[in-house]
Amino acid sequence: MNLADSERMAGTLESVGYVCAEDASDADVIVYNTCSIRDKAEQKVYSALGKQAKRKRSNMGGLKIVLAGCVAAQEGETLLRRVPELDLVMGPHHANRIDQLLEQVDQGSQVMAVEPIQIAEDIAVPRRDSDLTAWVNVIHGCNEKCTYCVVPNTRGVEQSRAPEAIRREMLALGEAGYKEVTLLGQNIDAYGRDLPGSAEDGSGRRAWTFTDLLQHVHDVPGIERIRFATSHPRYFTERLVRACAELPKLCEFFHIPFQSGDNDILREMKRGYTHERYRRIIDNIRRHMPDASVSGDAIVGFPGETEEQFEMTCALVREVGFDRVNTAAYSPRPNTPAAEWPNQIADLVKMDRLNRLNRIVNDVAEERAQRFLNHDVEVLVEGPNPRKSGEAVGRNRQNKLVFFPGDGNSMKGQLVNVHVDMVHAYTLFGHQVA
Ligand code: SAH
Ligand code: SF4
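Since the model is a prediction, treat every value here as computed from it, not as a measurement. (Residues numbered from 1 in each chain as written. Chains lettered and ligands numbered in written order. Predicted model: local features only at pLDDT ≥ 70, side-chain atom pairs only at ≥ 80, totals over all residues.)

### Quick look at the domain arrangement of the chain
Basically, it comes down to this: Residue ranges assigned to the domains are those given by an automatic or database domain assignment.
In terms of domain boundaries, the chain breaks down into domain 1 (2–113), domain 2 (133–370) and domain 3 (373–433). Distance from the C-alpha centre of domain 1 to the C-alpha centre of domain 3: 38 Å.

This is how it looks when you write it as structure tokens:
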């Protein structure tokens, strides 16, 4: 989500004549796009800001420093006091207005734009890092109230983009030669709840669900693969699973965070599902798409988590057999309920649990990756392997990196078949077959 916002900011700036500097030390404007999901991410930006503030003081103020993203939304005015050299503090809602905000800075004032606003369609085209695969925002914000999470405070309530706007963006991408789109949302399967109307088939459903959106954009010419992230278990319906299985461009890759394998912890987190319900979703996905990749997020050391409850998370990872799990130690965040609870877990215990869980995650991923050994996989070639000449790299439908001998430059953008000869937890190695 942050990468996509950065690309939107860069595109907006380029559309009014800014050029990307080779090196930060040459730049007239520096934009930090920040994440505040965990404290560590937030602290990183303060140390980076300190350096630029010093540079600004020494070159008599020629440099403009912008702090964008979730730390900006979370800290607001406090930032201006903490780092008076900042010229612009802007929350994620304002990404596509960065040009207007910088104009205000040019008029000589420090500017704050952190209030949640209705996000207008981008006027400029994002400056995308890749010319093959693209992020497309589908829904901004989050309406959940997970007790550990800062996102609803920083990204505000859900705002679904109009289906036509999403389709138009994808049509332009297809025309420009992009082959793969990843649709983005905090809880993408909640798409459409804020759009008006109800379904014409009399089912009582709302006019647009995420499943309807997938069906609506699936035929866009040129786009050969569609992925989406992130899914919330609360909204992952049977209808969505069936649509994913039926739509050929839809890749068999699902990122569905579970956070914990223990029902009491899940309740305290206010996640709105049990581990049994989570397992049923995954079983259902695999019933329709046996090879599907499933990844998730997990938090260890949530307030009050006992050793037994932690073991439930380990058991879920082992039993589901994830392809990947992003793990994190619980980090107390400002203005979130769980941060205030008295039963915080000691850092040493959190680190120990994190290490133990990571070992399980890697073992399970390696085991699960074996299903590709001695099989052919479809690879979208991304280019040459930057670390080994004569080798090409791409991804299979299940989002695993695949390396194989070949000319990555000439094959870039093509779908090729690769026979897998060797398997690591997160990468496959093979040779091209007809
Ligand atoms: N909307 C998505 C996740 C977005 S945040 C969902 O609900 O599934 C990305 C991940 O950051 C979360 O899945 C969670 O695992 C992690 N995270 C969020 N807040 C955290 C905190 N306070 N401490 C540690 N990890 C956190
Ligand atoms: Fe945070 Fe929960 Fe919203 Fe995900 S669903 S962004 S974890 S509040």
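### What to know about the sheet that holds strand S6 (residues 159–160)
This is how it is decided: Two strands form a pair only when DSSP identifies at least two bridges running between them. Here a strand is any run of E in DSSP of at least two residues, a helix any run of H or I of at least four, and the numbering for each starts at the N terminus.
Taken in spatial order, the four strands make up an open sheet running S6-S5-S7-S8, and their pairing is mixed. Since the sheet does not close on itself, it has two edges, and those belong to S6 and strand S8 (225–229), each with one partner. As defined by bridge partners, strand S5 (residues 133–140) adjoins strand S7 (residues 180–185) across six bridges and the pair is classed as parallel. Within the sheet, the bridge partner assigned to Asn137 lies in S7 and is Leu184.

### Description of the site of ligand 2
Test applied: Throughout this description, a residue near a molecule or strand is one whose C-beta atom, derived from the backbone, lies within 6 Å of it. Three categories are distinguished: nonpolar for Ala, Val, Leu, Ile, Met, Phe, Trp, Tyr, Cys and Pro, charged for Asp, Glu, Lys and Arg, and polar for the others, with Gly belonging to the last.
The immediate surroundings of ligand 2 are formed by Cys142, Glu144, Cys146, Cys149, Val151, Pro152, Gln186, Asn187 and His232. Of the residues contributing to the shell around ligand 2, the split by class is five nonpolar, three polar and one charged.

### Thoughts on the sheet that holds strand S10 (residues 293–300)
Note the cut-off: With axes taken as lines fitted to C-alpha atoms, and helix axes fitted only over the stretch in contact, angles between N-to-C directions fall between 0 and 180 degrees.
Pairing within the open sheet is parallel, and its three strands lie in the order S9-S10-S11. Strand pairing shows two members of the sheet lacking a second neighbour, strand S9 (253–255) and strand S11 (324–329), which therefore form its edges. When strand polarity is set aside, the average angle formed by the axes of neighbouring strands in this sheet is 10°. Relative to S10, S9 is paired through three bridges, and the arrangement is parallel. Within S10, the residue paired with His255 across the bridge is Ser295.

### Side note on the environment of Lys51
Mapped onto the fold, Lys51 is located in helix H2 (residues 39–58). In this structure, the C-alpha to C-alpha distance between Lys51 and Asn409, residues 358 residues apart in sequence, is 39 Å.

### Examining the pairing of S8
Basically, it comes down to this: Three exposure classes are used. Buried residues have 20 or more other C-beta atoms within 10 Å of their own C-beta, exposed residues have 12 or fewer, and partly exposed residues fall in between, all C-beta atoms being placed from the backbone. When the strands point away from the viewer, a crossover counts as right-handed if the path from the first strand over the helix to the second runs clockwise.
Extensive coverage of S8 is indicated by the burial of four of its five residues. Relative to S8, S7 runs parallel, the two being bridged by five bridges. Bridge pairing links Glu180 to Arg225 in S8. Viewed along the sheet, the connection from S7 through helix H8 (residues 210–217) into S8 turns out right-handed.

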